[in-house]
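# Descriptive structure summary
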Amino acid sequence: MEIIKFVFSGEIEQPTLKIWRTAMPIGTNCKGGLMMAELNAGDDNAATYREDLARSNLNLKPILKENGFDILDAQFWFRAVQDEHREDDGIHWNALSHS
């Protein structure tokens, strides 16, 4: 948290390229890990969680722009390859998607 406070404080020396990568989308069958039991696959709340993640990415954009960040929208770019590069848990992505 201290790093985030420092980055947004404006104390970084110029010129500095600040890039924020948004969260990658999660699958409809997300399960395990940090997911609460009621958000696991097959439950109506899973769709709500997916929408909340996308909305959070969208809500961050004006804040990031105001603070001089360039945004790499992973939510947008990875929607098209969700079936090819997603791990079986519906949350994580394979090594190829991170290279």
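Residues numbered from 1 in each chain as written. Predicted model: local features only at pLDDT ≥ 70, side-chain atom pairs only at ≥ 80, totals over all residues. Heavy atoms only, no water.

### What about the overall build of the protein?
Regarding its fold elements, the protein presents four helices and two strands. Its helices and strands taken in sequence order, the protein reads α-β-α-β-α-α from the N to the C terminus. Split into buried and exposed, the 99 residues of the protein put 24% on the buried side. Of the contacts formed within the protein by residues at least 6 apart in sequence, a portion of 62% connects residues at least 24 apart. Accessible area for the protein stands at about 7,200 Å²; split by element, carbon and sulfur atoms hold 57% of it. (Helix = DSSP H or I, 4+ residues; strand = E, 2+ residues; numbered from the N terminus. Buried < 20%, exposed > 50% of the residue type's maximum accessible area, 1.4 Å probe, protein only. Contact = heavy atoms within 4.5 Å. Areas by Shrake-Rupley, 256 points an atom, 1.4 Å probe, with all protein chains shown as cover.)

### Concerning the pattern of salt bridges
Counted under the stated rule, the structure contains two salt bridges. Glu51 is the salt-bridge partner of Arg55, the closest N and O atoms lying 2.5 Å from each other. Of this pair, Arg55 and Glu51 are both found in helix α2 (residues 44-66), four residues apart, which corresponds to roughly one turn of the helix. Overall, Arg55 belongs to the partly exposed group, its relative accessible area being 44%. Here Glu51 falls in the partly exposed class, since its relative accessible area comes to 45%. We note a salt bridge from Lys61 to Asp73, for which the minimum N-O separation is 2.6 Å. (Salt bridge = Lys/Arg side-chain N within 4 Å of Asp/Glu carboxyl O.)

### Some points on the confidence of the model for the protein
Model confidence for the protein is summarised by a mean pLDDT of 76, while 73% of its residues fall at 70 or above. Looking across the protein, the model is least confident in helix α1 (residues 2-9), with a mean pLDDT of 68, and most confident in strand β2 (residues 70-72), with 91. (pLDDT = per-residue confidence, 0-100.)

### Concerning a nonpolar patch on the surface
Together, Leu17, Ile19, Leu72, Phe76 and Trp77 make up an exposed nonpolar region whose accessible area comes to about 580 Å². Here Trp77 shows up in helix α3 (residues 74-78). (Patch = residues over 30% accessible without salt bridge, like charges linked within 9 Å, V, L, I, M, F, W, Y side chains within 5 Å.)

### Looking at the packing of aromatic side chains
Applying the stated criterion across every chain yields a total of three aromatic pairs. Seen in terms of ring centroids, Phe76 and Trp77 are 5.1 Å apart; in terms of plane orientation they differ by 85°. Their pairing is edge-to-face. Classification of Trp77 as exposed rests on a relative accessible area of 57%. A ring pair is formed by Phe78 and Trp93, whose centres lie 5.1 Å apart and whose planes are at 70°; its orientation type is edge-to-face. With a gap of 15 residues between them, Phe78 in helix α3 and Trp93 in the segment after α4 (82-85) connect regions that are remote in the sequence. The exposure classification of Phe78 matches that of Trp93, with both residues buried. (Phe/Tyr/Trp six-rings, centres within 6.5 Å; stacked < 30°, edge-to-face > 60°.)

### Here's the deal with the environment of Glu87
Mapped onto the elements of the fold, Glu87 is located in the segment after α4. Using a relative accessible area of 37% as the deciding quantity, one classes Glu87 as partly exposed. The spacing of Glu87 and Gly27 is 60 residues in sequence and 9.5 Å in space, taken between C-alpha atoms. With near-sequence residues (within four places) excluded, Glu87 lies in contact with His92, Trp93 and Asn94.

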